[in-house]
Amino acid sequence: MHIRAVAMILLATAFALPGCKFVKTADQARNAAANAFDPDKAVADIWDSKVVPYLETRGAPIKDVLTLAATDVDAAGQKYGYKAKQGNAPWTFIARVDGVVVAEETKSRAAYVDVDVDGDAKADVRVSLGPAIRGTALRDSLDFIDFNSFKNQIEWAQFGKSFNTRVNDTVLSKLPRENLTGRKGPALGAYPLPASGQLPQLVPATITIGG
Amino acid sequence: MKLTRRLTLAAFAATLALGTAMPAFAADLIAIITPSHDNPFFKAEAVGAEAKAKELGYEALVLVHDDDANKQSQLIDTAIGRGAKAIILDNAGADASVAAVQKAKDAGIPSFLIDREINASGVAVSQIVSNNYQGAQLGAEEFVKLMGEKGNYVELVEYPDLKMVAQQSANWSQTEAYSKMETILQANPDIQGVIAGNDTMAMGAIAALQAAGKKDVIVVGFDGSNDVRDSIKSGGIKATVLQPAYAQAQMAVQQAHDYITSGKKPAEEKQLMDCVLINADNAGKLETFALAQ
């Protein structure tokens, strides 16, 4: 009984052969993997060619951004930032920070330096040093990226997080972590509209901590 | 068999009534379909959508699918049968709901999704999606801050000095969260923090903790319910994350109205709605899933 059943299946397979294309299991797995969303690769593919040039073109001195935002947030957003056309996301601003570190917190996983850009010795902006980075400011500052072209918010979130991962791996992890106060910290990055009374929290795309 | 026939007949009768005998003054109908109202979050969606629909001159048909895709499909049939002009839907599954929304579209009825998205675009007219990732991050960062970046807790990642001692599913239920928390406490009496995936579970967890005399355990929820607001105000739960259920339901009805009256679609189909952290500083401004400005 069993043998006959097996024979019949083989027979059926033999008949089905002409219309079939054999795919090796390994190839199948490779194809599936190729089709799966790879957020790190998606960011790597655009980082040097599109993201950094975009930020360099649009990034204005943070002093200018803060001054205009203080009187007219929407005007500042249109001039120096971006937000999705729909939904309720706040403006994300693109800015250059050029000033002196006046405070540092490097014990926390969400490390940062506070930077004074106008010479009054008071902090004007908080620059994230990672490895834990809040939010998705770098992704949200880009006008050529749209949530609607992603499958769902999970992939959108993974994509946003990959910007932070990349900055951590290639920039922030190489920075010094001690005695930063008093040093110069030129940076270029993005920050979401801060809550009133709070410092803007800038996620840098490029940063150097000099002497 | 009998039931099916009766339903078919009822649907037929409804279609007939619409086609021939609908009085000229009858208001257009908007169907509002959400998960069970047992969770006040979904109730707030339904209430917000219904209020906006009535304000704009529609009749509202409020239905619940109980997170059952089959039931959702039947409710879509009901909406089609009743000749709804639009469907407002918090759906029963990102993949399972695509066919149901497509069915409505094929019947000429536009759908406006709220809270949860579906894994397809071009089927619904709009998808107003709660930004769960952004919201979860807000809640997690507040939790980390409250914990001082260290301690034993239930749920979470990325901070190595925080140690996850238990992760349990309580099916979004308050009573289940209460009993699970009791059990977790027996195994981990030194627990210092709890992150709950929604506010009803946070309420269950805090009740179990208080019953066990653990007054200092930090509990953070998600949704922004009035129950958790009151707990925050009385020093129980420390924080939650507001998903703007009421506002996004109203926004969906407004978009439906614009589409019905002028054929105008929103600029983007998928629209992310950011969440807001609620703690002792702003809990007083929270009412029925909306934050006063």
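Residues numbered from 1 in each chain as written. Chains lettered and ligands numbered in written order. Predicted model: local features only at pLDDT ≥ 70, side-chain atom pairs only at ≥ 80, totals over all residues.

(A) Highlighting helix α7 (residues 199-211) of chain B. Residue and element names in this part refer to chain B. Its 13 residues give α7 an end-to-end C-alpha distance of 18 Å, which sits within 8% of 18 Å, the value for a rise of 1.5 Å per residue. Across the 13 residues that make up α7, a large majority, 10, are buried. Where α7 is concerned, the buried positions are D199, T200, M201, A202, M203, G204, A205, I206, A208 and L209. Summarising the contacts, the buried residues of α7 are in contact with α6 (174-187), β8 (193-195), β9 (218-220), α8 (226-233) and β10 (240-242). G213 sits one or two positions beyond α7 and adopts a positive phi of about 75 degrees. (Helix = DSSP H or I, 4+ residues; strand = E, 2+ residues; numbered from the N terminus. Expected span 1.5 Å × (residues − 1). Buried ≥ 20, exposed ≤ 12 C-beta atoms within 10 Å, placed from the backbone. Contact = placed C-beta atoms within 7 Å.)

(B) Summary view of the interface of chain B and chain A. Contact residues are listed per partner, giving 22 residues for chain B and 17 residues for chain A. Of all the elements in the fold, those that place two or more residues in the side of chain B that touches chain A are α5 (132-147) and β11 (270-273) of chain B. For the side of chain B that touches chain A, a count of residues per class yields eight nonpolar, six polar and eight charged. (Nonpolar A, V, L, I, M, F, W, Y, C, P; charged D, E, K, R; others polar.)

(C) Fine view of the nonpolar core. Counting 122 residues, the largest nonpolar core has A:V127, B:I30, B:I87, B:I88, B:A205, B:V219 and B:A252 as the members making the most contacts within it. With eight residues, the top contributor of residues to this core is helix α9 (residues 245-262) of chain B. Apart from residues lying up to four places away in sequence, A:V127 is in contact with A:V97, A:Y112, A:V113, A:V115, A:G185, A:A187, A:L202, A:P204 and A:I207. (Core = buried A, V, L, I, M, F, W, Y, C linked by C-beta atoms within 7 Å.)

(D) View of the confidence of the model for chain B. Confidence along chain B averages 87 in pLDDT terms, with 87% of residues attaining 70 or more. Across residues 1-24 of chain B the pLDDT falls below 50, and counting only partners more than four positions away or on other chains, this stretch makes seven contacts in the model. (pLDDT = per-residue confidence, 0-100.)

(E) Just unusual backbone geometry, in detail. Here A:G130 and A:P131 are connected by a cis peptide whose omega angle stands at 0 degrees. On the secondary structure map, A:P131 appears in strand β6 (residues 125-131). Unlike most non-glycine residues, A:A121 shows phi in positive territory, near 70 degrees. Phi angles above zero are rare outside glycine, and B:T288 is one such case at about 45 degrees. The class of B:T288 is partly exposed, set by 15 C-beta atoms lying within 10 Å.

(F) A look at the sheet that holds strand β4 (residues 111-115) of chain B. All names here are of chain B. In spatial order, the strands read β2-β1-β3-β4-β5-β11; together these six strands make up an open sheet with parallel pairing. Of all the strands in the sheet, just β2 (59-64) and β11 have a single pairing partner and so form its edges. Between one strand axis and the next, the sheet turns through 15 degrees on average, direction left out of account. Examined bridge by bridge, strand β5 (residues 126-130) and β11 share four bridges and lie parallel to one another. (Pairing = 2+ DSSP bridges. Axes fitted to C-alpha atoms, helices over the stretch in contact; angles between N-to-C directions.)

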